[in-house]
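Per-entry structural report
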Amino acid sequence: MPSRRKEPAVPVSAELLAPVSPDVEICYQTFGSAEGDPLLLVMGLGGPMTWWDPALCRQLARAGFYVIRYDNRDTGRSTHSEARVSRAMLVRAFAGRRVRAPYSISDLAQDAFGLLDHLGLRSAHVVGISMGGMIAQSMAIEQPRRVRSLTSIMSTTGRRTVGWQSPKLLPALIAPRSGREAYVRTSALLWKMIGSPGYPIDHDELAVRAGETYDRGFDQRGVLRQMLAVLTQPDRTLRLRSLRMPTLVIHGLSDKMVHVSGGRATAAAVPGAELLLIDGMGHDLPAPLFPTVVDAVRRTADRAA
């Protein structure tokens, strides 16, 4: 019988803390050798860094990257704010009315730069998913020399006429989730609504992930603060046209959370961007797609000067 080749072990750090500003401390973890190409993974709305599947992180590390995943502020074990955001504020912002948010997408981008500073990294390849894609785009716009390549996954430009969210999802997104049982139940149902129809995930698996997310430090008010940052973000289209780093845009054709028009608009705005549309993919990153994503991210990074 032929022997099965064993994958090389990937070094994984403990979860560590980085002070990125006087008021914000970020929890992060690394995969792979520090000699690899630095790759910063930026998660989306309400998602702790553990939503970047460790298997994906290891595959990226084996592809030559020094992988850094982290909790955005108001998520997981990073700093949580005390600022109040009401559902009425969210509804006004969703309708396009002016609302003052506790912080912006740009502020979240500055947190990411602060983490790179803490790690002694002048620049990195940056991959962002959903809200994380908005943060990654903002990083590339605000400090382009620090972003070696940009990968924006299931995200959008901030223009309201593209990348819209199905209005049917808003009640589920802002519904109160007091207590672990309620969070697990409503979260699993939401992921059933927005997940990939071509790559369905078992309900029990969704429930387990929801429980892990809650136990890690779920903060309903923090999700509302992040949501308001998303709803009040500017239209980045014109500024995206100034980008010159290699750029990859990945979007699922079955995405209900961020319509595929957001991905198309992002790729159209960035000169030379590659657009990868995936049939059957919704607003998640199923394991069968990991090799496709890893290959595409590596290909994009290799285009960097």
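Residues take numbers from 1 onward in each chain, read along the sequence in its written order. Given that this is a predicted model, residues contribute local features only at a pLDDT of at least 70 and side-chain atom pairs are listed and counted only at 80 or more, while totals for whole chains, interfaces and linings are drawn from all residues. Only heavy atoms go into the side-chain values, all of them from the structure, while hydrogens and water stay out.

1. Things to note about unusual backbone geometry
Keep this limit in mind: Going along the chain from the N terminus, every DSSP run of H or I of four or more residues is numbered as a helix, and every run of E of two or more is numbered as a strand. We call a residue buried when its accessible area falls under 20% of the maximum for its residue type, exposed when it is over 50%, and partly exposed in between, using a 1.4 Å probe and counting protein chains only.
Its identity is not glycine, yet Ser130 carries a phi of approximately 60°, on the positive side. In this structure, Ser130 sits in the loop between β5 (124-129) and α4 (131-142). Overall, Ser130 belongs to the buried group, its relative accessible area being 10%.

2. Topic: the pattern of salt bridges
Test applied: The salt bridge definition used is simple: a Lys or Arg side-chain nitrogen within 4 Å of an Asp or Glu carboxyl oxygen.
Scanning all chains against the criterion turns up twelve salt bridges. In this structure, Asp117 engages Arg146 in a salt bridge whose closest nitrogen and oxygen atoms are separated by 2.8 Å. Pair noted here: Asp117 is in helix α3 (residues 105-118) and Arg146 is in the loop between α4 and β6 (147-153), with a separation of 29 residues, a long-range link. Assessed through its relative accessible area of 14%, Arg146 is described here as buried. Notably, a salt bridge pairs Arg225 with Asp219, separated by 3.4 Å at the nearest N-O pair. As far as the burial class goes, Arg225 and Asp219 line up, both buried. Among the charged side chains, a network of salt bridges with common partners joins Glu15, Asp71, Arg77 and Arg216.

3. A short note on the environment of Leu276
Threshold: Residues count as neighbours in contact if any of their non-hydrogen atoms are within 4.5 Å of one another.
Mapped onto the fold, Leu276 is located in strand β8 (residues 274-278). Along the backbone, Leu276 and Val293 are 17 residues apart, and their C-alpha atoms lie at a distance of 9.6 Å. Other than its neighbours up to four places away in sequence, Leu276 contacts Leu248, Val249, Ile250, His251, Thr292 and Ala296.

4. Points about the packing of α3 against α4
Just so we agree on the cut-off: Convention adopted: a line fitted to C-alpha atoms gives each axis, helices being fitted over their contacting stretch, and angles between N-to-C directions are expressed from 0 to 180 degrees. Should an angle fall under 35 degrees it is taken as roughly parallel, and over 145 as roughly antiparallel, whereas 65 to 115 is taken as roughly perpendicular and any remaining angle as oblique. Residues were grouped as follows: Ala, Val, Leu, Ile, Met, Phe, Trp, Tyr, Cys and Pro as nonpolar; Asp, Glu, Lys and Arg as charged; and all remaining residues, including Gly, as polar.
At a minimum axis distance of 8 Å, the contact between α3 and α4 shows a crossing angle of 75°. Classified by the interaxial angle, the pair formed by α3 and α4 is roughly perpendicular. Residue-level contacts link Ile105, Ser106, Leu108, Ala109, Gln110, Ala112, Phe113 and Leu116 of α3 to Met131, Met134, Ile135, Ser138, Met139 and Glu142 of α4. Residue composition of the contact of α3 with α4, by class: ten nonpolar, three polar and one charged.

5. Some remarks on a negative patch on the surface
Quick note on the threshold: Grouping into patches uses exposed residues only, defined as over 30% relative accessible area, and leaves out salt-bridged ones; the cut-off is 9 Å for like charges and 5 Å for nonpolar side chains (Val, Leu, Ile, Met, Phe, Trp, Tyr). For the accessible areas, the method is Shrake-Rupley and the probe is 1.4 Å, while residue cover comes only from the protein chains on display. Positive charge is attributed to Lys and Arg, negative charge to Asp and Glu, and no charge count is given to His or to the chain ends. The location of each charge is read from NZ of Lys, CZ of Arg, CG of Asp or CD of Glu.
Taken together, the side chains of Asp53, Asp202, Asp204 and Glu205 present a region of like negative charge at the surface. Its location among the elements puts Asp53 in the loop between β3 (37-42) and α1 (54-62). Looking at Asp53, the relative accessible area reads 33%, which means it is partly exposed.

6. A short note on the pairing of strand β4 (residues 65-70)
Threshold: The criterion for strand pairing is that DSSP finds at least two bridges linking the strands in question.
β4 sits mainly inside the fold: six of its six residues count as buried. The two faces of β4 match: Phe65, Val67 and Arg69 on one face and Tyr66, Ile68 and Tyr70 on the other face are all buried. In this sheet, β4 lies alongside strand β2 (residues 24-31) in antiparallel orientation, the contact comprising four bridges. Looking at β4, one finds that Tyr28 is bridged to Tyr70. Two elements, β3 and β4, share five bridges in a ladder whose sense is parallel. Looking at the pairing, Pro38 lines up with Tyr66 of β4.

7. Quick word on the packing of α1 against helix α11 (residues 290-302)
When two helices pack together, their arrangement is given by the angle between the helix axes and by the axis-to-axis distance. Note the threshold: Crossing handedness follows the turn of the near helix against the far one: under a right angle anticlockwise gives a left-handed crossing, and clockwise gives a right-handed one.
Their axes nearest at 10 Å, the elements α1 and α11 cross at an angle of 35°. Seen from above, α1 lies across α11 with right-handed handedness. Each of Ala55, Leu56, Gln59 and Leu60 in α1 lies in contact with α11, whose residues at this interface are Phe290, Pro291, Val294 and Val297.

8. Looking at the packing of aromatic side chains
This is how the line gets drawn: Ring pairs shown here join Phe, Tyr and Trp side chains whose ring centres sit within 6.5 Å, with only the six-membered ring taken for Trp; geometry is labelled stacked below 30 degrees between planes, edge-to-face above 60, and tilted in between.
Counting across every chain of the model gives four aromatic pairs. With a centroid separation of 5.3 Å and an interplanar angle of 80°, the aromatic rings of Trp51 and Trp191 are classed as edge-to-face. Taken together, the residues Trp51 in the loop between β3 and α1 and Trp191 in helix α6 (residues 180-194) connect sequence positions 140 residues apart. Taking relative accessible area as the criterion, Trp191 reaches 13% and is therefore assigned buried. Their ring planes at 40° and their centres at 5.7 Å tell us that Tyr183 and Tyr214 sit as a pair that is tilted. With a gap of 31 residues between them, Tyr183 in helix α6 and Tyr214 in helix α7 (residues 203-217) connect regions that are remote in the sequence. Note on Tyr183: relative accessible area 2%, which makes it buried. Exposure remark for Tyr214: the relative accessible area of 25% places this residue in the partly exposed category. Here a set of aromatic residues connected by ring pairs shows up, and it is made of Tyr183, Tyr214 and Phe218.

9. Side note on the sheet that holds β2
Pairing in this open sheet of eight strands is mixed, and the strands run β1-β2-β4-β3-β5-β6-β7-β8 from one edge to the other. The open sheet has two free edges, formed respectively by β1 (16-21) and β8, since each of these has just one partner strand. Each strand axis lies, on average, 25° off the axis of its neighbour in the sheet, ignoring direction. Where β3 and β5 come together, four bridges link them in parallel fashion. Paired with Leu40 across the bridge in β5 is Val126. Here α1 sits on the sheet in contact with β2, β3 and β4, set at roughly 150° to β4.

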